[in-house]
Every structure is written in structure tokens, then in C-alpha cells.
Amino acid sequence: MSIRYTTKIDGELLLVEASGFDENLADVENYAQGVIDACLEHEVTLVLCDETALDYRLGTVDTYEAGKFLASRVPGVVKIAIACNSAFITDARFFENVVVNRGLILCMFTDTGSARSWLMETGRHSWFSGSYL
């Protein structure tokens, strides 16, 4: 089944809805590249990913590699909020640490409301205020 996703533009925001499961590292990299391409196509720098219907199945090493992949391809001006299923929050926090340690502005949440609120805060300093559950 792998990762299925849709994208939609809402003003200055790219909305992503993902479902299924991450079959392997290549699947995650293809998903990430698709989101990056949508940002470039629509010239947006705010991304809200609703991954609450996506199962995280990657192991620790592949999760680390996925974080490195994303951080190496996304410019520091992009701000990303990801809402995940609470069952996968430990893996999500690890992924968040990998990308934030490489300069990406990203925060993981367990609900889309909190994710959207954080994303729409003004000022670059707000990204470091920590994750909200």
C-alpha cells in the first residue's frame, strides 16, 4: 500500500494529507521530494502535513537517513508542521531531532489544530519553542 498523499494550497500554506505506511526509505524519500516539488511549484514556505493516517514502519537507521535526506533538500526558510498518529510519537520525535539538528524548522504534533497554530505563529524564533502535544 505504501504512502499515498494529496496536496492542496490554502493561501500561503501547502496542506498535505498522507495515509498508508512507509514501506521503505525510498518510499519516504519519494514522498518528501513530492512535497518539496509542490512547495517549489506553488512558491510556498509553510507546510502542514497531516500524517495521522500514516503508519510509521521505518527502523531507527532509516528514520535517521530520511531526516538527513529531508534536511539536505529543504531550505531553512521553509517551516514544516507534521501531525502524526500518537502511537508513533517516539519515532516522530527522533525524526524531528534529526532534522532540527541540521537546521530545518520542523515540529511534530499529534493533532492538526496544534500543528496549524504553531505553523502560523510569526517570527523565526517561535520554531524553537518546542513541540506541543
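What counts and what doesn't
- Residues numbered from 1 in each chain as written.
- Predicted model: local features only at pLDDT ≥ 70, side-chain atom pairs only at ≥ 80, totals over all residues.
- Heavy atoms only, no water.
- Pairing = 2+ DSSP bridges.
- Helix = DSSP H or I, 4+ residues; strand = E, 2+ residues; numbered from the N terminus.
- Axes fitted to C-alpha atoms, helices over the stretch in contact; angles between N-to-C directions.
- Right-handed = clockwise from strand over helix to strand, strands pointing away.
- Buried < 20%, exposed > 50% of the residue type's maximum accessible area, 1.4 Å probe, protein only.

(A) Structural context of the sheet that holds strand β2 (residues 13-21). Here we have five strands laid out as an open sheet, ordered β1-β2-β3-β4-β5, and mixed in their pairing. Here the strands that pair on one side only, and so sit at the sheet edges, are β1 (3-10) and β5 (105-109). Averaged over all pairs of adjacent strands, the angle between strand axes in this sheet comes to 15°, irrespective of strand direction. Two strands pair when backbone bridges link them, and strand β3 (residues 46-55) and strand β4 (residues 79-84) are joined in this way by six bridges, in the parallel orientation.

(B) Geometry of the pairing of β3. Sheet topology note: the β2/β3 ladder contains eight bridges and is parallel. Of the residues in β3, the one forming a bridge with Leu13 is Leu46. Each parallel crossover has a hand, and for β2 linked through helix α1 (residues 25-42) to β3 it is right-handed. Assessed by its sense of winding, the connection that carries the chain from β3 through helix α2 (residues 60-73) to β4 is right-handed.

(C) Main features of unusual backbone geometry. We note that Glu43 has phi near 55°; this positive angle belongs to a residue other than glycine. Mapping Glu43 onto the fold places it in the loop between α1 and β3. Classification of Glu43 by relative accessible area gives exposed; the value is 71%.

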